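Chain by chain, the residues:
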Amino acid sequence: MVKETEIKLRASRATLAALREHPLLKKRNKSGWQRGELFNQYYDTPDRDLASAKVALRLRRDGEQFIQTLKSRGQSVAGLSERNEWDWYLSKAKLDLKKLDDSCWPASLAELDKKTLQPLFTTDFVREKAEIAWGRGKAKVVIEAALDLGKVIAGEGEEEICELELELRQGEPAALLELACELAAELPLMPCDISKAERGYRLFDAGSYTLSLPAPELNAEMSLDDAFAALAWHLLGASQRLAEQYRWNGHWSLLQQWLEQLIDLRALLASLGQAAPRASSRELREALDALLDDWRPRLAAGQEDDSMRRNAPALFAAELDGCRWGLLSLKLSHWLLQRSWTQARNNRGNRQGNAALGNWLPTLLAEEGAALQLRRYQQQPEDLAEQMPRLERLLVWLRLARGVLEVPEVDRLYGELNKLYELAQQDLDDEQRQLRATQTQIVNSLKAWKALVK
């Protein structure tokens, strides 16, 4: 068994060709490009028990060599994945079920009759790979770069494989993101945590691709730094999965959810005070703002305009044909992996970052809630939209971390505050003006609000 650490980057055929000749890869290429055809058959039961257990079983033909591989799902976010992998070299193209013993086989499948395993789909592609030397100070880093072009085929369905895989052979995972950022600055590369196996299952069953990621497990005792990192990784990973699925099927609701994750991520970045000095996140905040400035109006227009909904897939494809989204995603991943917000802060910032979430969060909500000045907007509801950034900061923490608050009726508070936020985005007429004033009064009268803003 080995631990596989890699990042997958969706590309176009033109981008693959450009990568082959990229000056950075040419300079650091220590092996030259080696080309080979890989034919892969994936197996599962008719009920897809392996997929449910988050494992993939594959039989690969690489030249004259047959390789049986079992992979665990592991951890995957923003295209960067870590998982366990078992390989067995076989003499013929037939599964060796005896290799699938307790040393690798999931305990949840202990009672499974392995004889029910059958071919489900194939992923056949041409791979050009090279060994890349990527120095990080005195540390030696070796990365295998693979350019994959081919198809996933499941029954009558098929999808093109066109991607760059960067797999860590030696060194620290941050090196993968550093190399990916360098390449994505010049070429459109989309971090993508859907594996070739997941694409096969998605073709076999369109509903098999899970969009929701497990919510981070937060508690009152954990530090603000740890809570922030968990939430930011969660939002970034969710945005990636939503972008991938919207690219695939063009469902409007997925584009809405993608934008919501980015709004939450932007609000989270702005909420930490001295725990995350503004200089440490300036580049990321500016990039997020530029993205949101383009996509907020489009989504708002699409609420009433069917033509905008119809045009949105083409606009999103154009976004992916540029470098902005992929580079932002990779830089965010690197920033989070390195915990860059902690590296140049003062003593007060360190104290805030190390503070228990259960102590810090009520303080934040009290300060933001007092600054919201709800009584003022009962009288001036037409000006409520100016408080949208503050509402977003309140909502992201109430949405994802309200379980650590010892406040009565906090779920109701979240719901009513979210209604107020939605009203703040509506065009104002006499009816909307009254609705805003009424909803402001409702929030201001809640027990949870009074307990927080006391």
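Every value quoted in this text rests on a predicted model; they were computed, and no experiment measured them.

So, how was this worked out
The residue numbers shown here count from 1 along each chain, following its written sequence. Only residues with pLDDT of 70 or above have their local features reported here, since the model is predicted, and side-chain atom pairs are shown and tallied only from 80 upward, although totals for entire chains, interfaces and linings are computed over all residues. To obtain the side-chain values, all non-hydrogen atoms of the structure were included, while hydrogens and water were left out. Every patch collects residues that have over 30% relative accessible area and no salt bridge, joining them within 9 Å if they carry like charges and within 5 Å if they are nonpolar side chains (Val, Leu, Ile, Met, Phe, Trp, Tyr). For the accessible areas, the method is Shrake-Rupley and the probe is 1.4 Å, while residue cover comes only from the protein chains on display. For this analysis, a salt bridge means a side-chain nitrogen from Lys or Arg found within 4 Å of a carboxyl oxygen belonging to Asp or Glu. All tallies of charge rest on Lys and Arg as positive and Asp and Glu as negative; His and the ends of each chain are not included. All charge positions are set by atom: Lys at NZ, Arg at CZ, Asp at CG, Glu at CD. Strands are runs of DSSP state E lasting at least 2 residues, helices are runs of H or I lasting at least 4, and numbering of each runs from the N terminus. Categorising residues by exposure relies on relative accessible area from a 1.4 Å probe, with only protein chains included: less than 20% of the type maximum marks a residue as buried, more than 50% marks it as exposed, and the intermediate range marks it as partly exposed. Expected span of a helix, by definition, is 1.5 Å for each gap between consecutive residues, and there is one gap fewer than residues. For each domain, the first and last residues come from an automatic or database assignment. Two parts placed together each lose some accessible area under a 1.4 Å probe, and the buried area is that loss summed for both. Throughout, nonpolar core names a set of buried Ala, Val, Leu, Ile, Met, Phe, Trp, Tyr and Cys residues whose side chains join them through atoms within 4.5 Å. The contact rule is simple, with two residues in contact once any of their heavy atoms fall within 4.5 Å. Space inside and on the surface of the protein is sampled on a 1 Å grid over the protein atoms alone, with a cavity defined as a set of points where a 1.4 Å probe fits but cannot get out and a pocket as an open set with protein on both sides within 12 Å along at least 5 of 7 lines; lining residues have an atom within 4 Å of a point. Grid points are joined across faces, edges and corners, and a volume is the space filled by probe spheres set on the points. Nonpolar residues are Ala, Val, Leu, Ile, Met, Phe, Trp, Tyr, Cys and Pro. Charged residues are Asp, Glu, Lys and Arg, and all others, Gly as well, are polar. Pairing of aromatic rings covers Phe, Tyr and Trp, the last through its six-membered ring, and needs centres within 6.5 Å; plane angles under 30 degrees mean stacked, over 60 mean edge-to-face, and all others mean tilted. Counted as over-ring charges are cases with an Arg CZ or a Lys NZ within 6 Å of the ring centre that also lie within 35 degrees of the ring normal.

As for a negative patch on the surface
Among the surface-exposed residues, Glu304, Asp305, Asp306, Asp427, Asp429, Asp430 and Glu431 lie close enough to one another that they form a single negatively charged patch. Positionally, Asp430 belongs in helix H16 (residues 430-445). Judged by relative accessible area, which is 68%, Asp430 ranks as exposed.

Some points on the pattern of salt bridges
The tally for this structure, following the rule as stated, stands at 41 salt bridges. Residue Lys151 is joined to Glu158 by a salt bridge in which the shortest nitrogen-to-oxygen separation is 3.0 Å. The partner of Glu382 in a salt bridge is Arg433, and the shortest N-O contact between them spans 3.1 Å. Of the two residues, Glu382 is situated in the loop between helix H13 (374-379) and helix H14 (388-401) and Arg433 in helix H16; the sequence distance between them amounts to 51 residues. Taken together, the salt bridges that share partners define one network made up of Glu4, Glu6, Lys8, Lys71, Arg83, Glu85, Arg127, Asp148, Glu163, Glu165, Lys196 and Arg199.

A short note on helix H7 (residues 252-269)
Across its 18 residues, H7 extends 26 Å between first and last C-alpha, which sits within 8% of the 26 Å expected from 1.5 Å per residue. For H7, the buried fraction is high: 14 of the 18 residues fall into the buried class.

Brief notes about the domain arrangement of the protein
Along its sequence, the protein is carved into domain 1 (2-204), domain 2 (224-347) and domain 3 (356-453). Placing a centre on the C-alpha atoms of domain 2 and another on those of domain 3 gives a separation of 23 Å. Summed over both partners, the interface of domain 2 with domain 3 buries about 1100 Å², with 70% contributed by carbon and sulfur atoms. Ionic pairing is found between Arg296 and Glu392, a salt bridge with its closest N-O pair at 3.2 Å.

Focus: the nonpolar core
Of all hydrophobic cores here, the largest spans 76 residues; its most connected members are Trp258, Leu361, Trp397 and Leu417. With 12 residues, helix H6 (residues 224-249) is the single largest residue contributor to this core. Counting residues domain by domain, this core receives three or more from each of domain 2 (224-347) and domain 3 (356-453). Once residues lying within four places of it in the same chain are set aside, the contact partners of Trp258 are Ser239, Leu242, Ala243, Leu291, Trp295, Phe316 and Trp325. Within the second largest apolar cluster, 31 residues are counted, among which are Leu164, Leu179, Leu187 and Leu330.

Topic: the layout of surface pockets
Within this model, the second largest pocket holds a volume of roughly 1000 Å³. Lining the second largest pocket are 32 residues, with Gln256, Glu260, Ile263, Tyr421 and Gln425 positioned closest to its centre. The set of elements that each furnish at least two residues to the lining of the second largest pocket consists of H6, H7, helix H8 (278-302), H14 and helix H15 (410-424). For the lining of the second largest pocket, the element with the highest residue contribution is H7, accounting for 7 residues. Of the residues in the lining of the second largest pocket, the class split is 15 nonpolar, 9 polar and 8 charged. Domain assignment of the residues forming the lining of the second largest pocket places at least three in each of domain 2 (224-347) and domain 3 (356-453).

A look at the packing of aromatic side chains
One pass over the structure, following the stated rule, counts 11 aromatic pairs. Ring pairing ties together the aromatic residues Tyr246, Trp258, Trp295, Phe316 and Trp325, which thus form one cluster. In this structure, Lys196 is placed above the aromatic ring of Phe125, and the distance from its NZ or CZ to the ring centre is 4.9 Å. The positively charged end of Arg298 is found above the aromatic ring belonging to Trp295, 4.5 Å away from the centroid.

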